Each structure stands twice: as structure tokens, then as C-alpha cells.
Amino acid sequence: MNIEIFQTEEQLDRRAAEIIAEVVKTEDHPTLGLATGGTPVGTYKALIELHQQQKFTFKHVRTANLDEYVGLPKDHEQSYYYYMNEHLFKHIDLPLDQAHIPDGTASDLDAECRRYDDILASFGRIDVQILGIGHNGHIGFNEPADALQAGTHCVQLTDDTIQANARFFSSIDEVPKQAITVGVGPILKSKKILLLAKGESKADILHQALKGPITTQCPASLLQTHPNLYVLADEAAGRKLK
Ligand code: PGA
């Protein structure tokens, strides 16, 4: 496990963007596993800047996002489709038919999960998987549980997650209660994982995930088993790792 701690968020974002850009520039058919939430916004901004400065292309890249809320259409400002478009896709030359996000409005959600697993299977392995960490240790929307699922599935969001995400909605009642998430299988199979953490509120869970017992009650703790894990944290989130 490689742990890197940065004095500023900008330094962290730049480093994360450089790792992603390296994969995009050197792999013949790069596959990126993308995350949403507050944490990676700056990383995408830094990646766009590198794309503009260094003039490398995303035309040959395929991406798969980790999750999407059930019930939010693509044009909803809090859908992850909307987020990805705003924060990354519309600023780069990635063909949108190569960018995959689960469809939270599918009438048959189980069929949508199977469709998404087929897409991930067609990728082989993800070259670099970006992850944030929830305050409860979730990765994607794989919430703490007695057992975790390997494949894409529908999940009931925990109260912790609903509360944490309420900041993006005008009221907590508007936060969807369900989501589709990639399971832990493709995440752990990725060639490289970039776990990003920012802010004091992540210090305890980051420490627990990386230094505590490996348990499904803290899904991020499974990352300890990954042979190529890069943890990028700012001073506040990485405080207990020093
Ligand atoms: P955040 O979410 O980046 O908004 O803190 C992280 C997560 O829930 O995985």
C-alpha cells in the first residue's frame, strides 16, 4: 500500500490526475473506474487541466462509474450522470458512448445490473479505479453489511449515507433511498486503485479502513488486500496514518 499525504488539496488533486493521465497516455485501451461525490471534483478539474496542457486524448478511453441513484433521470442536477458531464465529460474528448453509468431510471433494475456487469466484463480489468470513502467505510455504495456482493446490485442506502449526501439536495427528504452500485468484485480486480480522502471528518474511518481489521462492516478495509493501492490523503484526512 502506498500512502501519500499532501499539504494542500490542489497537490493531492494534481497527483491523482497525473496517475490517471499516465494510464490514459500509456495504455492501448485504457479503462477508468470513476467515482462521484465531493472528493474527486478537484481531481477531475486537474485532469482537465492536464488534458489541455499536454494535449493527450481520451478518444480511446472507456469509463465505468461506480454508482447511480435509483429514480434520478440523467438531467437531474444530483444524478451522477449530470455530475460526470459537468465535472469531466463535457471538458474532454471522450466519446460519450464509451462512458458508462448505471441507469437509475431503468424499469427493470435487476436487468440493468446484469447489463452493467456485462459492460464491466467487456472491460476485462479496470486499469485505474478512483474511490472515495464514506464516513461509514463504504466504497461505491457498498454499505457495511454482514456480507458484500461481488456484482452490480441495488442497495438500500444507510441513514449515514443519506445524511452525508443531503448537503447536495435542498432537503434530506429528496435524497434517494436506493442506488445501483458496482459490487466489490470489479473494484478489487482493478489493476490500480486510487483511494482519495480529504478533510478531518475522514480521518477516523480512513485509519480504521487501512490499519484496522479487514471486515465487511468496513467495506474499504478490503482494500488492504489489494496489491496496488494508492492512498492519497490531505493532512486532515491522513492525520492518523502518520
Ligand atoms: P464524498 O463521498 O466524496 O462526498 O465525501 C465519498 C463517498 O461517499 O464515497
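Conventions we followed
Residues numbered from 1 in each chain as written. Predicted model: local features only at pLDDT ≥ 70, side-chain atom pairs only at ≥ 80, totals over all residues. Heavy atoms only, no water. Helix = DSSP H or I, 4+ residues; strand = E, 2+ residues; numbered from the N terminus. Buried < 20%, exposed > 50% of the residue type's maximum accessible area, 1.4 Å probe, protein only. Contact = heavy atoms within 4.5 Å. Expected span 1.5 Å × (residues − 1). Axes fitted to C-alpha atoms, helices over the stretch in contact; angles between N-to-C directions. Nonpolar A, V, L, I, M, F, W, Y, C, P; charged D, E, K, R; others polar.

Draft legend 1. Quick peek at the environment of His87. Relative to the helices and strands, His87 resides in helix α3 (residues 80-87). Residue His87 is classed as partly exposed on the basis of its relative accessible area of 27%. Placed 56 residues apart in sequence, His87 and Glu143 show a C-alpha to C-alpha distance of 25 Å. If near-sequence neighbours (up to four positions away) are discounted, His87 is found in contact with Val41, Tyr44 and Ile48.

Draft legend 2. Fine view of helix α2 (residues 41-54). The terminal C-alpha atoms of α2, which comprises 14 residues, lie 20 Å apart, in line with the 20 Å expected from a rise of 1.5 Å per residue. For α2, the set of buried residues is Gly42, Thr43, Tyr44, Ala46, Leu47, Ile48, Leu50 and His51. Packed against the buried residues of α2 are α1 (9-26), β2 (31-34), α3, β6 (128-131) and β9 (192-197). Following α2 by one or two positions, Lys55 has its phi on the positive side, about 60 degrees.

Draft legend 3. Quick peek at the packing of α2 against α3. Contact pair α2 / α3: the axes reach a minimum separation of 10 Å and the direction vectors enclose 35 degrees. Contacts between α2 and α3 involve Val41, Tyr44 and Ile48 from the former and Tyr83, Met84 and His87 from the latter. Grouping the constituent residues of the contact of α2 with α3 by class yields five nonpolar, one polar and no charged.

Draft legend 4. Spatial organisation of the environment of His207. Note on placement: His207 falls in helix α7 (residues 203-211). In this structure the C-alpha to C-alpha distance between His207 and Ala237, which are 30 residues apart in sequence, comes to 8.7 Å. Those residues in contact with His207 that lie beyond four places of it in its chain are Gly212, Lys240 and Leu241.

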